[in-house]
Amino acid sequence: MTENKSILSVPALLERVETIFINAGCSRQQAAAVARVIVAGERDGCKSHGIYRIEGCLRTIKAGKVVPDAVPVLEVDDSAIVRVDAKSGFANAAHEVGIPALAERAKELGLAALVINGCTHFSALWPEVEAATEHGLAVIAMCPSYATVAPAGGSEPLLGTNPLAFGWPRNGNSPYVFDFATSVAARGEIELHRRAGKELPEGWALDGDGNPTTSPEQALAGAMLPFGGHKGSAISTMIELLAGTMLGDLTSPEVLDYLGTTTLSPHHGELIIAFDPARFSGQRRGNPLDRAEVLFEAIAGQGARLPSQRRFNARAKSMSDGIELTAAEMEQLERLRQMGLGSVD
Ligand code: NDP
Ligand code: PYC
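Residues numbered from 1 in each chain as written. Chains lettered and ligands numbered in written order. Predicted model: local features only at pLDDT ≥ 70, side-chain atom pairs only at ≥ 80, totals over all residues. Heavy atoms only, no water.

*Asks:* Go over the site of ligand 1 with me, naming the residues and quoting the values.
*Replies:* As a matter of local geometry, ligand 1 sits amid 22 residues, with Ser123, Asp179, Ala181, Arg305 and Arg310 nearest to it. Arg310 is positioned with one of its side-chain polar atoms (N or O) 2.8 Å from an oxygen atom of ligand 1. Between ligand 1 and Arg311, the relevant distance is 3.2 Å, taken from an oxygen atom to a main-chain nitrogen or oxygen of the residue. Looking at the shell around ligand 1, the elements with two or more residues in it are β7 (176–180) and α12 (309–321). At 4 residues, the largest contribution of residues to the shell around ligand 1 is made by β7. (Near = heavy atom within 4 Å. Polar contact = N/O pair within 3.5 Å; in protein donor to acceptor, adjacent residues only side chain to side chain. Helix = DSSP H or I, 4+ residues; strand = E, 2+ residues; numbered from the N terminus.)

*Asks:* Talk me through the sheet that holds strand β2 (residues 73–76); I want residue IDs and the actual numbers.
*Replies:* Across the sheet, which stays open at both edges, the 7 strands sit in the order β2-β3-β4-β11-β5-β6-β7 with mixed pairing between neighbours. The open sheet has two edge strands, β2 and β7, and neither has a second partner. The mean inter-strand angle of the sheet, taken between neighbouring strand axes irrespective of direction, is 15°. Relative to β7, strand β6 (residues 164–168) is paired through 5 bridges, and the arrangement is antiparallel. Counterpart to Trp168 in the pairing with β7 is Tyr176. Docked against the sheet, helix α4 (residues 91–109) engages β2, β3 (81–85), β4 (111–120) and β11 (267–275), running at close to 165° with respect to β4. (Pairing = 2+ DSSP bridges. Axes fitted to C-alpha atoms, helices over the stretch in contact; angles between N-to-C directions. Contact = heavy atoms within 4.5 Å.)

*Asks:* Could you give an account of the domain arrangement of the chain, naming the residues involved and the relevant values?
*Replies:* Its domain assignment divides the chain into domain 1 (1–62 + 308–345) and domain 2 (71–183 + 226–306). If you average the C-alpha positions of domain 1 and of domain 2, the two centres end up 23 Å apart. Contacts between the two partners involve 26 residues from domain 1, matched on the other side by 23 residues from domain 2. By the criterion of area lost to domain 2, the three top residues of domain 1 are Gln30, Val37 and Thr60, representing 24% of everything that side buries. Counting every contact that joins domain 1 to domain 2 gives 3 salt bridges. Put simply, Arg311 and Glu130 hold a salt bridge, and the shortest N to O gap is 2.9 Å. At the surface where domain 1 touches domain 2, the tally comes to 9 residue pairs in polar contact (both at pLDDT 80 or more). Secondary structure elements with two or more residues in the side of domain 1 that touches domain 2: α2 (28–43), α3 (54–62) and α12. (Domains from an automatic or database assignment. Buried area = accessible area lost by both parts, 1.4 Å probe. Salt bridge = Lys/Arg side-chain N within 4 Å of Asp/Glu carboxyl O.)

*Asks:* How would you summarise the site of ligand 2 if you had to cite specific residues and measurements?
*Replies:* Inspection of the region around ligand 2 gives His49, Arg53, Phe122, Thr161, Ala186, Arg187, Gly188 and Pro266 as its neighbouring residues. At 2.8 Å from an oxygen atom of ligand 2 is found a main-chain nitrogen or oxygen belonging to Arg187. The backbone of Gly188 places a nitrogen or oxygen atom 3.0 Å from an oxygen atom of ligand 2. Protein contacts shield 92% of the accessible area of ligand 2, which totals 240 Å² for the unbound molecule. (Areas by Shrake-Rupley, 256 points an atom, 1.4 Å probe, with all protein chains shown as cover.)

*Asks:* Please give an account of helix α11 (residues 288–301) that cites residues and values.
*Replies:* Its 14 residues give α11 an end-to-end C-alpha distance of 20 Å, which sits within 8% of 20 Å, the value for a rise of 1.5 Å per residue. Those residues of α11 not exposed but buried are Pro288, Leu289, Ala292, Glu293 and Phe296. Buried residues of α11, seen end-on, are gathered within an arc of 145° and therefore sit on one face of the element. Turned more than 90 degrees from where α11 packs its buried face, Val294, Glu297 and Gly301 sit exposed. The backbone nitrogen of Leu289 lies 2.7 Å from a side-chain oxygen of the residue at the head of α11, namely Asn287. Trailing α11 by a residue or two, Gly303 shows a phi angle of about 90°, which is positive. (Expected span 1.5 Å × (residues − 1). Buried < 20%, exposed > 50% of the residue type's maximum accessible area, 1.4 Å probe, protein only. Arc of directions from axis to C-beta.)

*Asks:* Please set out the packing of aromatic side chains residue by residue, giving values where relevant.
*Replies:* Tallying each qualifying case throughout the model produces 8 aromatic pairs. Ring geometry for Phe90 and Phe122: centres 5.9 Å apart, planes at 90°, overall edge-to-face. A residue pair is termed long-range when its members are at least 10 positions apart, and Phe90 in the loop between β3 and α4 and Phe122 in the loop between β4 and α5 (126–133) qualify at 32 residues. Summarising the burial analysis for this pair, Phe90 and Phe122 share the class buried. Here Phe166 and Phe178 contribute two aromatic rings whose centre-to-centre distance is 5.7 Å and whose plane-to-plane angle is 35°, an arrangement assigned as tilted. Taken together, the residues Phe166 in strand β6 and Phe178 in strand β7 connect sequence positions 12 residues apart. In this structure Phe178 comes out as partly exposed when scored by relative accessible area, which is 22%. Grouping aromatic residues by their ring pairs yields a cluster made of Phe166, Tyr176, Phe178, Phe180, Phe227 and Phe296. (Phe/Tyr/Trp six-rings, centres within 6.5 Å; stacked < 30°, edge-to-face > 60°.)

Structure, rendered in structure tokens:
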């Protein structure tokens, strides 16, 4: 215990978060999967998708927009497409059911896609991407969210913050993983700035009149901006098409219509595509994993860091020293445990 801080081990935090979700009416399968991903966020220093997300999940349960005891259903045929119907539960239980089936099919065919339909998705994508790399696969994951981002040149919320993640397996090392919102920053970052009373950096958002703003309140009421101008806007649109329209699931504007608010967690689908590098290369020019190491070394050799390196360092520290939480965070966890759905509007 340090001043105004508490240290919890990863299993201890996991137990507390899982209990909150059980008390809120979740089945053990749903509660455990959601707790694993929220605690992974805290463990890896990703506060925008850590315990701060619990209240949003509880609000979504209370509003009846997620089924807390849903049992995801795996549908496998002889094609390259493996499907999980999340049955309106959280995406995380669907990942745990779907990723092993995706890996098996990708190993068999060289590539395969996991389609998740009808899930509530509040989390980062790196957990499912990392899980696929553990099978020796390269992987791309994407999903819509809800309309909060103006397309480049526009000023009204239309696209989601639509995350895109990629993973590449590395022998004897943590995988190469990037995972980012296609908005300049995730909406969770704006919310954390609001809570901390901090102004946003310039270039993140527009106010309700379409003018640039650094106020988190005005940004949340206005529109966020895509990263990289027209390039991020186009990638985000691709995600609406591939992981919304193509999957027969909701696009970000449709998600917002369905929820009627951005205070609940979004409900939509997710697309995860896995590739077997050895099958793709056909061993031309040698082992693709060995060749990838040459590239990673050259990146690091310039003094640049690989994406996820900060996260893996944070993970190692949390695993050895525990996770540091503020007094306010500890109080929040206790309030949510005791009051359950009564703690949220
Ligand atoms: P960040 O900008 O914080 O990070 C994006 C990626 O870039 C990370 O992999 C990060 O690695 C890496 N990175 C950051 N700085 C550097 C650097 N200097 N050199 C090399 N790599 C770097 O992410 P966002 O704020 O855009 O997104 C945060 C999270 O929000 C993501 O996990 C995303 O999945 C999630 N999200 C989820 C949504 C949903 O609908 N479910 C919607 C939008 C976002 P590292 O972590 O090691 O810093
Ligand atoms: O941080 O942008 C975000 C976000 C949206 C849905 C889940 N996370």
